[in-house]
Amino acid sequence: MEWIGEMWRTATSVQPAAEPVVVWGSAAGVVLALSVPWVWHVVRHLVTIVHEAGHATAAVLTGRRLDGIRVHTDTSGLTTSWGSARGPGLVLTLLAGYPAPAVVGLGVAWLVSRGYAVGALWSLLVLLALVLLQIRNWYGLLAVLVSAGVLVAVTGWASTTVQVAAAHVVTWVLLLGAPRAVIELAVRRTRRSSDAGQLARLTHVPAPVWVVLFGLVTIAALALGIHLALPAVDLLD
């Protein structure tokens, strides 16, 4: 059991603050990655997994019975739950998806800003482990295992410098990927099967209003994340 104690000590210990070039270089790299279609396709898997985790968490918290999570080759996802076909529980479950990557990204940004870069990565590993228990298709299983494998490799064998840099990359992927996904939703004109389309049918509030709400939440989280990143490079000096 010593290895568990060692992991706990590593996750709860404070790492040196990143140099400004790491903080803003990782942000610039992620912005570039999101602008390249095939790279975004790969990176979007993590955003989708967290998106579906948001649906699943809201379903459980509102008393719905979670049936499972699927992630597809086109990076779309599906979380199914049982319960009332309308009402606040279902509305909150549908509402939680698009903001989830932004909220998780903001949480990661806060941990990183306090010097807990490895702790942030381990927190994401816990999230992936919980999602893994609910995965119901083979491609989704592969996507979660690959994502978790990368994080395990970084947290288990990489140097502290690489771990801190990786935590910043993950932070920006979630914070920047969240509004990028909302833009895709808007471009698709919010199909009836989308979260916004289903919310429109349930609440009679037009789908574009929900898209705007998703966008505002994700942009606000990004702004707060940038605010956290500003002092992060000097926090531990």
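Residues numbered from 1 in each chain as written. Predicted model: local features only at pLDDT ≥ 70, side-chain atom pairs only at ≥ 80, totals over all residues. Heavy atoms only, no water.

1. Remarks on the packing of helix α2 (residues 20-35) against helix α8 (residues 160-187)
Packing of α2 against α8 leaves a shortest axis separation of 9 Å and a crossing angle of 40 degrees. Taken together, the axis directions place α2 and α8 in an arrangement best described as oblique. By crossing handedness, the relation of α2 to α8 is classed as right-handed. Contact residues: α2 offers Val22, Val23, Trp24, Ser26, Ala27, Val30, Val31 and Leu34, while α8 offers Ala165, His168, Val169, Trp172, Val173, Leu176, Gly177 and Arg180. In the contact of α2 with α8, the residues fall into 12 nonpolar, three polar and one charged. (Axes fitted to C-alpha atoms, helices over the stretch in contact; angles between N-to-C directions. Helix = DSSP H or I, 4+ residues; strand = E, 2+ residues; numbered from the N terminus. Parallel < 35°, antiparallel > 145°, perpendicular 65-115°, else oblique. Left-handed = near helix turned anticlockwise from the far one by under 90°. Contact = heavy atoms within 4.5 Å. Nonpolar A, V, L, I, M, F, W, Y, C, P; charged D, E, K, R; others polar.)

2. Re helix α3 (residues 37-61)
Across its 25 residues, α3 extends 35 Å between first and last C-alpha, which sits within 8% of the 36 Å expected from 1.5 Å per residue. Where α3 bends most, at Val43, the angle is about 35 degrees. Across the 25 residues that make up α3, a large majority, 18, are buried. Immediately beyond the C-terminal end of α3, within one or two residues, lies Gly63, with a positive phi of roughly 85 degrees. (Expected span 1.5 Å × (residues − 1). Bend = angle between axes of the 7 residues up to and from the residue. Buried < 20%, exposed > 50% of the residue type's maximum accessible area, 1.4 Å probe, protein only.)

3. Let's talk about α2
Since one α-helical turn is 3.6 residues long, residues separated by three or four positions face the same way. Under the 1.5 Å per step criterion, the end-to-end length of α2 is 23 Å for 16 residues, consistent within 8% with the ideal 22 Å. Considered for burial, the residues of α2 that qualify are Val23, Ser26, Ala27, Val30, Ala33 and Leu34. Looking down the long axis of α2, one finds its buried residues gathered within 125 degrees of arc, a one-sided arrangement. In α2, the exposed positions that point more than 90 degrees away from the buried face belong to Val21 and Leu32. (Arc of directions from axis to C-beta.)

4. Focus: the nonpolar core
Across soluble globular proteins, you tend to see nonpolar side chains buried next to one another. Core analysis: the biggest nonpolar cluster contains 50 residues, and Ile49, Leu121, Val131, Leu151, Val170 and Trp172 have the highest contact counts within it. Secondary structure elements with two or more residues in this core: α2, α3, β1 (65-71), α5 (99-113), α6 (117-132), α7 (138-157), α8 and α10 (207-232). Looking at which element gives the most residues to this core, the answer is α8, with 10 residues. The residues touching Val131, leaving out its near neighbours within four places in the chain, are Ile49, Ala53, Ile69 and Val144. Core analysis: the next-biggest nonpolar cluster, separate from the first, contains 15 residues, Leu90, Leu199, Leu202 and Phe214 among them. (Core = buried A, V, L, I, M, F, W, Y, C linked by side-chain atoms within 4.5 Å.)

5. Observations regarding the packing of aromatic side chains
Counting across every chain of the model gives two aromatic pairs. Taking the centre distance of 6.1 Å and the plane angle of 35 degrees together, the rings of Trp24 and Trp172 count as tilted. A residue pair is termed long-range when its members are at least 10 positions apart, and Trp24 in helix α2 and Trp172 in helix α8 qualify at 148 residues. Trp172 sits in the buried class, given a relative accessible area of 3%. (Phe/Tyr/Trp six-rings, centres within 6.5 Å; stacked < 30°, edge-to-face > 60°.)

6. As for the confidence of the model for the chain
It should be kept in mind that the predicted coordinates are not to be read in detail where pLDDT is low. Per-residue confidence for the chain averages 91 on the pLDDT scale, and 92% of its residues sit at or above 70. Looking at the elements of the chain, mean pLDDT is at its lowest for helix α1 (residues 2-12), recorded as 65, and at its highest for α3, recorded as 97. (pLDDT = per-residue confidence, 0-100.)

7. Examining the pairing of strand β2 (residues 77-82)
A regular strand carries its side chains on alternate faces of the sheet. Strand direction decides the pairing type here: β1 and β2, joined by six bridges, are antiparallel. Bridged to Val71 within β2 is Gly77. Adjacent in sequence and paired antiparallel, β1 and β2 are bridged by five residues, among which Thr75 carries a positive phi angle near 75 degrees. (Pairing = 2+ DSSP bridges.)

8. Quick word on the packing of α3 against α6
At a minimum axis separation of 10 Å, α3 and α6 run at an interaxial angle of 70 degrees. When the axes of α3 and α6 are compared, the pair comes out roughly perpendicular. Once α3 is placed against α6, the crossing between them reads as left-handed. Side by side, α3 and α6 meet where Ile49, Val50 and Ala53 of the first sit next to Leu127, Leu128 and Val131 of the second. A breakdown of the residues in the contact of α3 with α6 according to their chemical character gives six nonpolar, no polar and no charged.

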